[in-house]
Amino acid sequence: MNAPWYVRTFARRVVAGALALLCVVLPHTAYALSDPWVGEAEAVMVCDQAGNELWSRNADEELAPASITKIMTAMVALDSGYDLDAPCTITEVDLGLDAQRAGYVASDTPTMRELLQAMLVYSGNDAALNVAINVSGSEEAFVALMNQKARELGMSHTNFVNSHGLEVDGHYSCARDLVTMGRYAMTHYPFIAQTVRLRGVELWIDGQDLWLESTDDLMETYEGLLGIKTGAVAAGYTFLGASTRGGVDVYTCVLGCGTDEGRFIDTASVMDWAYDNFSGRTFGRAGWVLRRAPYALGFAARTQVTLAQDQVARSWPSGSITYRTLSVSPDIALDRDMPFSSVWWRQNGRFCGGSATTVDATLTQAPAVNILSAPLFSNH
């Protein structure tokens, strides 16, 4: 098991003296969790911000991702380094009568930023196609990069055939893979995370100043929703979602829903279930004194270690929690800003939180001792 970053940093920085390692098992009241209510989705996946699976159903079933595909299109376009403010050319292609289009025509010269906005917010398929062509010269070359990126992310049940997600043989993914993709996009691509939260975008298209509204209707009603992408094809309605409450982020994906509204109802139900059962547990309060010890740079002075902030682990209501702490040995004199300890918690083998502490700058009162009255300086 690889140690968390704060453990590795702590171990590198503390090179003098011994370290004390403690492993403790904390009891945790257990009760049986019921499954979340799901009305329409054929496949569902929900995980936390660390990628830990919270609940799933048919999560590896290969289904049509629809316009959720456009999240991968955005990542590959951003990876390319294409100037977001550079003008792009428009290639007009017949995408079918049912395809959602922003309405670009050959005379338009939108920037890459505008194409990505039209694609992510309004789900314009013409915008997605032209993102691909401008970045790679052809959609085929761009799709090859999409599949390469999918393999890099471990999306083993995914294959892309186009850049927009319109239904075609061989274009498929699964709820687990799409949650992996969505979580990665939201944490590594600020442009995507910011854009998918927009309620609409104002763009100049075909000689008109147009307001294109977001297709994400759940944004209006669900507390803490962060996005991220809707989809709809003949095989079913889809939604890849992300939300945050009380410091807990939840990522979900529903595939194969029968109605537009049903995908949002199922998503809200699964998210509510996660927040009702998955919460933060406080193990340490800000200001708690962990240790008082001799101060390395001051004679007769002592310093103390306090928690700078609450220590919280995200846990389920069932299953024992273990924590391990790596701490400076008690016989070591402490210096200001010196790494002091690192603690991390796991529940049923799943990492659920951790933190590191350093020695603060507070010196406790030195003993009221007159050094000149000590035996060393006495005339007797």
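## What about the packing of helix H3 (residues 112-120) against helix H4 (residues 125-136)?
Here is step 1: Across the interface, H3 lies against H4 with an axial gap of 8 Å and an inter-helix angle of 145°. Considering only the axes of H3 and H4, their crossing is left-handed. Here Met112, Leu115, Leu116, Ala118 and Met119 of H3 lie close against H4, whose contacting residues are Ala127, Ala128, Asn130, Val131, Asn134 and Val135.
Here is step 2: Partitioning the contact of H3 with H4 into residue classes produces 9 nonpolar, 2 polar and no charged.

## Some details on helix H5 (residues 139-152)
Here is step 1: The first and last C-alpha atoms of H5 sit 20 Å apart over 14 residues, in line with the 20 Å expected at 1.5 Å per residue.
Here is step 2: Just downstream of H5, Gly154 is the residue with a positive phi angle, here 80°.

## Some words on the sheet that holds strand E6 (residues 225-233)
Here is step 1: With antiparallel pairing, 5 strands are arranged side by side in an open sheet as E3-E2-E8-E7-E6. Edge positions in the sheet fall to strand E3 (53-57) and E6, since each has one partner strand and no second. For this sheet, the mean angle separating the axes of adjacent strands, direction not counted, is 5°.
Here is step 2: As paired elements, strand E2 (residues 43-48) and E3 share 4 bridges and run antiparallel to each other. In the sheet register, Cys47 faces E3, and the bridge partner there is Glu53.
Here is step 3: Helix H8 (residues 260-277) rests against E2, E3, E6, strand E7 (236-245) and strand E8 (248-257) of the sheet, and its axis sits at about 145° to E8.

Rules used throughout
Residues numbered from 1 in each chain as written. Predicted model: local features only at pLDDT ≥ 70, side-chain atom pairs only at ≥ 80, totals over all residues. Heavy atoms only, no water. Axes fitted to C-alpha atoms, helices over the stretch in contact; angles between N-to-C directions. Helix = DSSP H or I, 4+ residues; strand = E, 2+ residues; numbered from the N terminus. Left-handed = near helix turned anticlockwise from the far one by under 90°. Contact = heavy atoms within 4.5 Å. Nonpolar A, V, L, I, M, F, W, Y, C, P; charged D, E, K, R; others polar. Expected span 1.5 Å × (residues − 1). Pairing = 2+ DSSP bridges.

No statement about biological role is implied by the geometric values presented.
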